[in-house]
Amino acid sequence: FPVTINIDEFMNSEKPYTNVGLTLNELAGMLKITPHLLSKVINEAYQKNFFDFINSYRIEEFKIRFEDPRNRQFTMLAIAFDVGFNSKTAFNRAFKKMTSQSPREYFFDSRVEE
């Protein structure tokens with residue numbers, strides 16, 4: 001799937017996942033491909049559905065922003081909203097699905113061991 005390279009580049013440079021209401025159709029339009037092709041690529045090349053695909057980018061962006069000392073004044077929830085999550089529940093569920101830990105376990109338990 002040569003398309004995956006373009007998708008990764010686009011996702012990393014444009015960060016469309018920070019749009020809370022991002023849809024498959026909108027993302028396909030931005031990438032100038034059909035929603036059907038985008039869905040097929042995400043399912044087959046990334047082994048994810050659309051929402052898990054988008055949330056994986058949101059979680060990675062969250063980790064980067066949360067670890068950035070310039071963001072110390074922001075709460076986890078503020079950063080979660082900033083990267084595109086629309087609720088605390090959605091954020092916690094997605095984070096746990098991607099990392100097998102809650103955000104607190106992931107960030108604070110790992111620091112205790114250092």
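Located above this text is the structure these notes cover.
Residues numbered from 1 in each chain as written. Predicted model: local features only at pLDDT ≥ 70, side-chain atom pairs only at ≥ 80, totals over all residues. Heavy atoms only, no water.

Participant: Help me out: how do you make sense of the packing of helix α2 (residues 24-31) against helix α3 (residues 35-45) in this one?
Facilitator: When two helices pack together, their arrangement is captured by the angle between the axes and the distance separating the axes. It is the contact of α2 with α3, at a shortest axis distance of 8 Å, that shows an interaxial angle of 100°. Here α2 lies roughly perpendicular to α3, going by the angle between them. Of α3, the residues touching α2 (which contributes Leu24, Asn25, Leu27, Ala28 and Leu31) are Pro35, Leu38 and Ser39. Class assignment of the residues belonging to the contact of α2 with α3 gives a composition of 6 nonpolar, 2 polar and no charged. (Axes fitted to C-alpha atoms, helices over the stretch in contact; angles between N-to-C directions. Helix = DSSP H or I, 4+ residues; strand = E, 2+ residues; numbered from the N terminus. Parallel < 35°, antiparallel > 145°, perpendicular 65-115°, else oblique. Contact = heavy atoms within 4.5 Å. Nonpolar A, V, L, I, M, F, W, Y, C, P; charged D, E, K, R; others polar.)

Participant: How should the pattern of salt bridges be read in this particular structure?
Facilitator: Close approach of charged atoms allows side chains with opposite charge to pair. All told, the structure shown has 7 salt bridges when counted by the stated rule. In this structure, Lys15 and Glu61 form a salt bridge, with 3.3 Å as the shortest nitrogen-oxygen distance. A residue pair is termed long-range when its members are at least 10 positions apart, and Lys15 in the loop between α1 (3-14) and α2 and Glu61 in helix α4 (residues 50-67) qualify at 46 residues. A salt bridge links Glu60 to Lys63, with the shortest nitrogen-to-oxygen separation between them at 3.0 Å. In this pair, Glu60 and Lys63 are both assigned in helix α4, 3 residues apart and thus about one turn of the helix distant. Under the relative-accessibility criterion, Lys63 is labelled buried at 14%. Through salt bridges with shared partners, a single network forms among Lys15, Glu61, Arg65 and Asp82. (Salt bridge = Lys/Arg side-chain N within 4 Å of Asp/Glu carboxyl O. Buried < 20%, exposed > 50% of the residue type's maximum accessible area, 1.4 Å probe, protein only.)

Participant: Where do I start with the packing of aromatic side chains in this structure?
Facilitator: Given two aromatic rings, one states the distance between the centres and the angle between the planes to describe the pair. Applying the stated rule across the entire model yields 15 aromatic pairs. Aromatic pair Phe50 and Phe51: ring centres 5.5 Å apart, planes at 75°, arrangement edge-to-face. With a relative accessible area of 58%, Phe51 lands in the exposed category. Centre to centre, the rings of Phe66 and Phe108 are 6.2 Å apart; their planes meet at 85°, and the pair counts as edge-to-face. (Phe/Tyr/Trp six-rings, centres within 6.5 Å; stacked < 30°, edge-to-face > 60°.)

Participant: Quick question: what am I supposed to make of the environment of Gln101 here?
Facilitator: For Gln101, the location among the structural elements is in the loop between α6 (88-99) and α7 (103-113). The exposure class of Gln101 is partly exposed, given its relative accessible area of 27%. The residues contacting Gln101, other than those within four sequence positions of it, are Phe95, Lys96 and Tyr106.

Participant: How should the layout of surface pockets be read in this particular structure?
Facilitator: Using a probe with the size of a water molecule, rolled over the atoms, empty space left in the structure can be pinpointed. Volume-wise, the largest pocket comes out at about 150 Å³. Every residue along the wall of the largest pocket is listed here: Met76, Leu77, Lys88, Phe91, Asn92, Ser102, Pro103 and Arg104. Per-element tally for the lining of the largest pocket: the top contributor is α6, with 3 residues. Residues of the lining of the largest pocket, tallied by class, amount to 4 nonpolar, 2 polar and 2 charged. (1 Å grid on protein atoms, 1.4 Å probe; cavity = no way out; pocket = protein on both sides within 12 Å on 5 of 7 lines; lining within 4 Å. Points joined across faces, edges and corners; volume = space filled by probe spheres on them.)

Participant: Looking at this model, I keep getting lost on the packing of α4 against α6. Mind explaining?
Facilitator: Contact pair α4 / α6: the axes reach a minimum separation of 10 Å and the direction vectors enclose 90°. With respect to α6, the element α4 is oriented roughly perpendicular. Side by side, α4 and α6 meet where Asp52, Asn55, Ser56, Ile59, Phe62 and Lys63 of the first sit next to Phe91, Ala94, Phe95, Lys97, Met98 and Thr99 of the second. Of the residues in the contact of α4 with α6, the class split is 6 nonpolar, 3 polar and 3 charged.

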